[in-house]
Amino acid sequence: MKPIITISNLQKTYSGGFQALQEINLEVKEGEIFALLGPNGAGKTTLIGIICGLINPSSGQVLVDGYDIIKDYRKTRSLIGLVPQELTTDMFESVWASVSFSRGLFGKAPNPDYIESILKKLSL
Ligand SMILES: Nc1ncnc2c1ncn2[C@@H]1O[C@H](COP(=O)(O)OP(=O)(O)O)[C@@H](O)[C@H]1O
Ligand SMILES: [Mg+2]
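These numbers come from a predicted model, not from an experiment.

1. Remarks on the overall build of the protein
Moving on, step 1. Along its length, the protein carries 4 helices and 4 strands.
Moving on, step 2. Start at the N end of the protein and walk to the C end: the helices and strands fall as β-β-α-β-β-α-α-α.
Moving on, step 3. Referenced to the eigenvectors of the C-alpha coordinate spread, the extents of the protein come out at roughly 45 × 35 × 25 Å.
Moving on, step 4. Once local pairs closer than 6 in sequence are excluded, the contacts in the protein between residues at least 24 apart make up 47%.

Structure, rendered in structure tokens:
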């Protein structure tokens, strides 16, 4: 399996001076289901935020499918689907409406047949 996420010597120090990530080196392979576990404050959200382009790294490099998250940010963001813990577009909205809306955020045309097939596969 080829690497899909490659993290090299990644560090994050927040503006107040707190170092949240120190020399992270990690490779996730395509198709792999990878669980990032750690106690509160371990830096999980910081790491995921950097990969997705929501938080700026202090140093080091992250590649997604071989593309650099800073130099090729449009490409890497188009490859990533983030399902955040708390944030939803509208918590009272239906699954159908939410996924239809999020397709638009990726510049994809409506495709109700495709959405229906995916939701059925996932029993949603
Ligand atoms: N914006 C921020 N400014 C300063 N420190 C932060 C900020 N965000 C997170 N931290 C600190 O960085 C550390 C890692 O936080 P976080 O990535 O949220 O960990 P986790 O998701 O594993 O609980 C914690 O000590 C947290 O207090
Ligand atoms: Mg967190």
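2. Focus on the pairing of strand β3 (residues 59–64)
Moving on, step 1. In terms of strand pairing, strand β1 (residues 3–13) meets β3 through 5 bridges, oriented antiparallel. By the bridge assignment, T6 is partnered in β3 with L63.
Moving on, step 2. Hairpin connection from β3 to strand β4 (residues 67–68): 2 residues lie between these consecutive antiparallel strands, with D65 at a positive phi of about 50 degrees.

3. Examining the nonpolar core
Moving on, step 1. Formed by I5, I7, L10, L21, L47, I50, I51, V62, V64 and I69, the largest nonpolar core amounts to 10 residues.
Moving on, step 2. Within the residue set of this core, elements represented by two or more residues are β1, α1 (44–52) and β3.
Moving on, step 3. Residues in contact with L10, not counting those within four places in the same chain, are L21, I24, I50, P57, G60 and V62.

4. Some details on the site of ligand 1
Moving on, step 1. Around ligand 1, the neighbouring residues are Y14, G16, F18, A20, G38, N40, G41, A42, G43, K44, T45 and T46.
Moving on, step 2. Element by element, the count of residues in the shell around ligand 1 is highest for α1, at 3 residues.
Moving on, step 3. Of the residues assigned to the shell around ligand 1, the class counts are 4 nonpolar, 7 polar and 1 charged.

5. Focus: the sheet that holds β4
Moving on, step 1. Taken in spatial order, the 4 strands line up as β2-β1-β3-β4 in an open sheet, and their pairing is antiparallel. Unpaired on one side and paired on the other, β2 (19–29) and β4 mark the two borders of the sheet.

6. Remarks on the environment of N25
Moving on, step 1. Take N25: it is sitting in strand β2.
Moving on, step 2. The exposure class of N25 is exposed, given the 10 C-beta atoms found within 10 Å.
Moving on, step 3. Between the C-alpha atom of N25 and that of S8, which follows or precedes it by 17 residues, the distance is 4.7 Å.
Moving on, step 4. Those residues within four positions of N25 in sequence are excluded, and the remaining contacts are I7, S8 and N9.

7. Digging into the domain arrangement of the protein
How big an interface is tends to be reported as the loss of accessible area on association of its parts.
Moving on, step 1. Taken domain by domain, the protein holds domain 1 (3–79) and domain 2 (88–124).
Moving on, step 2. The C-alpha centroid of domain 2 is placed 27 Å from the C-alpha centroid of domain 1.

8. Quick word on helix α4 (residues 112–121)
Moving on, step 1. Little of α4 is tucked away: 0 of the 10 residues are buried.
Moving on, step 2. Once α4 finishes, S123 follows within two positions and takes phi at roughly 55 degrees, a positive value.

9. Overview of the environment of I51
Moving on, step 1. Relative to the helices and strands, I51 resides in helix α1.
Moving on, step 2. For I51, a count of 22 C-beta atoms within 10 Å gives the class buried.
Moving on, step 3. Separated by 55 residues in sequence, I51 and F106 have C-alpha atoms that sit 17 Å apart.
Moving on, step 4. The residues contacting I51, other than those within four sequence positions of it, are I5, V62, V64 and I69.

Each value, and the rule that gives it
- Residues numbered from 1 in each chain as written.
- Chains lettered and ligands numbered in written order.
- Predicted model: local features only at pLDDT ≥ 70, side-chain atom pairs only at ≥ 80, totals over all residues.
- Helix = DSSP H or I, 4+ residues; strand = E, 2+ residues; numbered from the N terminus.
- Contact = placed C-beta atoms within 7 Å.
- Pairing = 2+ DSSP bridges.
- Core = buried A, V, L, I, M, F, W, Y, C linked by C-beta atoms within 7 Å.
- Buried ≥ 20, exposed ≤ 12 C-beta atoms within 10 Å, placed from the backbone.
- Near = placed C-beta within 6 Å.
- Nonpolar A, V, L, I, M, F, W, Y, C, P; charged D, E, K, R; others polar.
- Domains from an automatic or database assignment.

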